[in-house]
Amino acid sequence: MNAAPTDTVQHESIYSGSIASWLTTVDHKRIGVMYGATALLYFIVGGVEALIIRLQLAAPEGAVVGADAYNQLFTMHGTTMVFLVLMPLAAAMFNFLIPLMVGARDVAFPRLNAFSFWTWFFGAILLNLAFFVNQAPDAGWFGYANLTSKQYNPGLGIDFWVLSLQIMGIASIASGVNFTVTALNMRAPGMSLMRMPLFVWMALIVQILMLLAFPAITVGLIFLLFDRFFDTNFYVAAAGGTPVLWQHLFWIFGHPEVYILILPSFGIVSEILPTFSRKPLFGAPFVIFSGILIGFLGFGVWSHHMFTTGLGPIADTAFSLGTMLIAIPTGVKIFNWIGTLWGGHIVMRTPLYFAVGMVALFIVGGLSGIMHASAPIDLQQHDSYFVVAHLHYVFFGGTVFGLLAGVCYWWPKVTGRMLGEGLGKLSFWVMFLGMNLTFFPMHFLGLDGMARRIYTYPAGAGWEQWNLMATVGAFVLTLGVLLFYVNLVRSLRSGEAATPDPWDGATLEWSMSSPPPEYNFAVIPTVNSARPLWLHKYGPTRDISTHTREDGTPPQPDHPVERIELPSPSHWPLVAAAGLTLAGGGTMVGLLPVLAGVAVLVVAVYWWAFQPLERPGNPIFEPARGTE
Amino acid sequence: MSTHATTFGVPHRKMAMWVFIGSECMFFGSLIATYLSYKGKSVVGPTPAEILNIPLTSVSTFVLLMSSLAMVLALDAVQRDDTRQAKIWIGGVIVLGGIFLAGQVYEFSHFYHEGLTLQQNLFGSTFFVLTGFHGAHVTVGVIWMATLLVMAFRGRLGPERSLDVEVAGLYWHFVDVVWIVIFTVVYLIQ
């Protein structure tokens, strides 16, 4: 597969190829695209679940669905959005961008990367299979103990939930190891940690949080599995246990998970704002250390989710204080983002709209978060719609807007096509309007006493107009999301071709063609700046707006100048992931599928371990004639 | 790819194992924390004081610690390209790990006959899940070592493969260290 020395290099071929080439790919860019595409599909699934919830609540005594179906809907909506949309959409960007941004040709463990994807993919399917046996999980995405016990919840729904979460957790741990090593150990020469792009920094913190937080929920889920399958009494008060143990284990995972979901957006915004303000990120080291501090403090505040369980005044005070402390590094970041925009030569493009929207909406969610930090106030707001408003401002306003900003920003690099600007801005405004129309009224509903997770409410409680407004807002929001998707499809079909560097970016991913060649870098760059491309284009100045580009061509040559060998495709990661899922899901059926799954897993792992990474027939790129 | 220089001069796989061990610390940390928080909460017996056999477990603890010594000698032998010693010491790790596992099987079945089952009380549940998951880790380690032993007998474990042994060794030592914590928390501090 030698690159032909032609004048115009067409690199779009990195996505062409048979289905089998996708199933066996170990290329981080293709795996990233698969994560992204799957997450965007599940976004529709989770969105439809939310729409049914809003239809049910549009008017008092709603009769769209019954109580049982409603419980399943909000459980699946939360679980889907957290594990099947936000995390994998962030993972899509980690996959595609971390190697490109640090100047590497792939991740540290390409086959482990494929294994992570397929394990997550099969785990996600297993979760949704629950719908087909008509027993979707119904104990909330937090799965509080007792609601999940065999005694009170004898169906298969919780089993689907536990097993799929466990399987997806393995995928998260594997990718956490992989990306930690990639970011730390595969940086281009000269890229010190403080020169590492902000997105990679936030991604690195996310990986460490995943590695340290997921084991807690893994253990919590193991206890739940033992309680359900082997009649142990981990969460049974009558045997001396306590359901609060689950809450501790869940939130020791769950609160860092909140930062796992928001830090990627912080990283994305920290890349987009400088690019479109035409100046470096204001106080970049503060943003980095604030991110580290947020990650660190995030492990010491889990019990602020549990003030109502009665932990006592000492614990409540400590967890209140810790939670309020997190406002400081978060505030520092917001200050830095505003400082970046301040005095910048702002270029009003769609990615900037979403990025600024993210900052604005996240501030709203952050402020209500500080309110919950106070234990006495939280006692009033707990399990009310006020919390629903808060978490959606953080997850939708913060995480989704940030991730969509990233989609808009890097779409040209991933696909080689530009998105429509008009449609992009329209989709932003419709989503922005819809999001506020949906979730802002929930603050009032919560303060007026409307509880979460109730499937209907009586007339005359004063909740009618806010609920109706939220439902109308949900449909406006849906329209905005649809416009966004239409923009994506239109771009793929007939979008303007993207140049290597459409936004005049500062980081390494803009130094090669769009989409990048299979080997990423024809030459591994040497990095002398936190903004290597601006240094290349403008010379050593901080204020690029007053300088003209010294060199308009991207620094990466079109052809390899050295022999480049890439890892061979392998189907064993896929087979191993399938075996793992069969073994896990099989526990609901019987011993035979479990044994079969374990056998498949063991065989696949051994083949994988003894199969060289690069085998005859692997992609090899020779230098074009005359460039040696 | 693997031939490229790494940023920290540490091979990717070695760094990956350290990172994974960090994650495993939280896994066993959660199990141990649960054991501690449920200590003395069982509403029926048997209690730890009634059933735990400290002398027997001290012996198997000693055996497991000695396996770490064998592991160190095995790595040294592989790095020196001393195939004979490598086989002996990798075999030693397997035998010592196997003795530890046999001790655990004996202990578990003995407890079962004494009336301490997984479902009997919270002590049984937390004890069996904690030590059981540790035993599962030892089992994985023994299988990994057996794989290395087969490679050694096929002449495929020269010094160029010493990283394979080193990474397996990191895992093995970690599983040993965790046992020291478990032995202290569960057996010695009652």
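Not measured: the values here are computed from a predicted model. (Residues numbered from 1 in each chain as written. Chains lettered and ligands numbered in written order. Predicted model: local features only at pLDDT ≥ 70, side-chain atom pairs only at ≥ 80, totals over all residues.)

Peer 1: In this structure, what is going on with the overall build of chain A? I would like to understand it.
Peer 2: Assigned secondary structure in chain A consists of 17 helices and two strands. Whereas a compact globule of 628 residues would reach a radius of gyration of roughly 25 Å, chain A reaches 25 Å, a difference of no more than 12%. Principal-axis analysis of the C-alpha atoms gives chain A an extent of 80 × 60 × 45 Å. Sorting the 628 residues of chain A into buried and exposed places 57% on the buried side. Taking all contacts inside chain A whose residues are at least 6 apart in sequence as the whole, residues at least 24 apart take part in 83%. (Helix = DSSP H or I, 4+ residues; strand = E, 2+ residues; numbered from the N terminus. Rg over C-alpha atoms; globule rule 2.2 N^0.38 Å. Buried ≥ 20, exposed ≤ 12 C-beta atoms within 10 Å, placed from the backbone. Contact = placed C-beta atoms within 7 Å.)

Peer 1: In this structure, what is going on with the overall build of chain B? I would like to understand it.
Peer 2: Per the secondary structure count, chain B includes six helices and zero strands. The secondary structure elements of chain B, listed N-terminal to C-terminal, are α-α-α-α-α-α. Dimensions of chain B along its principal axes, counting C-alpha atoms only, are 60 × 35 × 25 Å. Out of the 190 residues belonging to chain B, those deemed buried represent 38%. Long-range contacts, defined as pairs at least 24 residues apart, comprise 84% of the intrachain contacts of chain B with a sequence gap of at least 6.

Peer 1: What am I meant to see in the interface of chain A and chain B here?
Peer 2: Interfaces are often sized by the amount of accessible area the parts lose when they come together. Taken together, the contacts link 32 residues of chain A with 27 residues of chain B. Looking at the side of chain A that touches chain B, the elements that each hand over two or more residues are helix H5 (157-185), helix H6 (198-230) and helix H7 (244-277) of chain A. The leading source of residues in the side of chain A that touches chain B is H6 of chain A, at nine residues. For the side of chain A that touches chain B, the residue count by class is 21 nonpolar, seven polar and four charged. (Nonpolar A, V, L, I, M, F, W, Y, C, P; charged D, E, K, R; others polar.)

Peer 1: Hey, could you run me through the confidence of the model for chain A in this one?
Peer 2: Note that predicted coordinates carrying low pLDDT should not be read in detail. Averaged over all residues, the pLDDT of chain A is 94; the fraction at 70 or higher stands at 96%. When the criterion is pLDDT under 50, residues 1-12 of chain A qualifies, and its contacts beyond four places in sequence or with other chains add up to 19 contacts. (pLDDT = per-residue confidence, 0-100.)

Peer 1: Teacher, can you tell me more about the confidence of the model for chain B here?
Peer 2: Residue and element names in this part refer to chain B. Across chain B, pLDDT averages 95, with 98% of residues at or above 70. Averaged pLDDT values over the elements of chain B bottom out at 92 in helix H2 (residues 48-51) and peak at 98 in helix H1 (residues 12-37). As a predicted assembly, this complex carries a pTM of 0.95 together with an ipTM value of 0.96.

Peer 1: Got a minute to help me understand unusual backbone geometry in this structure?
Peer 2: Across the chain, the bulk of peptide bonds are trans and the bulk of non-glycine residues have phi less than zero. Cis geometry is found at the peptide bond from Ser 514 of chain A to Pro 515 of chain A, where omega equals -10°. Position of Pro 515 of chain A relative to the elements: it lies in the loop between helix H14 (464-494) and helix H15 (532-538). A cis amide bond links Gly 45 of chain B with the next residue in sequence, Pro 46 of chain B, at an omega value of -5°. Inspection of the secondary structure assignment puts Pro 46 of chain B in the loop between H1 and H2. Even without being a glycine, Asp 504 of chain A presents a positive backbone phi close to 60°. Within the element layout of this structure, Asp 504 of chain A appears in the loop between H14 and H15.

Peer 1: Help me out: how do you make sense of the packing of helix H3 (residues 67-102) of chain A against H5 of chain A in this one?
Peer 2: Between two packed helices, both the angle of their axes relative to each other and the distance between the axes serve to describe the pair. Residues and elements named next belong to chain A. Two numbers describe how H3 lies on H5: the axes approach to 11 Å, and their chain directions differ by 20°. Here H5 runs roughly parallel to H3, going by the angle between their axes. Where H3 crosses over H5, the handedness of that crossing is left-handed. On the side of H3, the interface is formed by Thr 79, Phe 83, Ala 91, Phe 94, Ile 98, Pro 99 and Val 102, while H5 contributes Trp 161, Leu 165, Met 168, Ser 175, Phe 179, Thr 182 and Ala 183. Its residues assigned to classes, the contact of H3 with H5 comprises eleven nonpolar, three polar and no charged. (Axes fitted to C-alpha atoms, helices over the stretch in contact; angles between N-to-C directions. Parallel < 35°, antiparallel > 145°, perpendicular 65-115°, else oblique. Left-handed = near helix turned anticlockwise from the far one by under 90°.)

Peer 1: Quick question: what am I supposed to make of helix H3 (residues 54-79) of chain B here?
Peer 2: The periodicity of an α-helix, 3.6 residues per turn, causes residues three or four positions apart to be oriented the same way. Residues and elements named next belong to chain B. Its 26 residues give H3 an end-to-end C-alpha distance of 38 Å, which sits within 8% of 38 Å, the value for a rise of 1.5 Å per residue. Buried-residue contacts for H3 involve helix H4 (83-114) and helix H6 (162-188). Positive backbone phi, approximately 65°, marks Asp 81, located one or two places after H3. (Expected span 1.5 Å × (residues − 1).)

Peer 1: In this structure, what is going on with the packing of H3 of chain A against H7 of chain A? I would like to understand it.
Peer 2: Residues and elements named next belong to chain A. Packing of H3 against H7 brings their axes to within 10 Å, and their N-to-C directions diverge by 40°. When the axes of H3 and H7 are compared, the pair comes out oblique. For the crossing formed where H3 meets H7, the hand is left-handed. On H7, the residues that touch Val 82, Leu 86, Met 87, Ala 90 and Met 93 of H3 are Ile 260, Leu 261 and Pro 264. Class assignment of the residues belonging to the contact of H3 with H7 gives a composition of eight nonpolar, no polar and no charged.

Peer 1: Is there a simple way to think about the nonpolar core in this case?
Peer 2: As a rule of thumb, nonpolar side chains are buried together in soluble globular proteins. Within the largest apolar cluster, 243 residues are counted, with the highest numbers of intra-cluster contacts made by Val 200, Ala 203, Val 269, Ala 355 and Ala 405 of chain A together with Ala 74 and Val 93 of chain B. Top element by residues in this core is H6 of chain A. It accounts for 24 residues. Excluding residues within four positions of it along the chain, Val 200 of chain A makes contact with Ile 98, Met 101, Val 102 and Ala 183 of chain A. (Core = buried A, V, L, I, M, F, W, Y, C linked by C-beta atoms within 7 Å.)

Peer 1: Before we go on, may I ask you to explain the environment of His 255 of chain A in this structure?
Peer 2: Residue and element names in this part refer to chain A. Among the secondary structure elements, His 255 is positioned in helix H7. Taking C-alpha positions, His 255 is 32 Å from Phe 276, a pair spaced 21 residues apart along the chain. Apart from residues lying up to four places away in sequence, His 255 is in contact with Gly 298, Val 301, Trp 302 and His 305.

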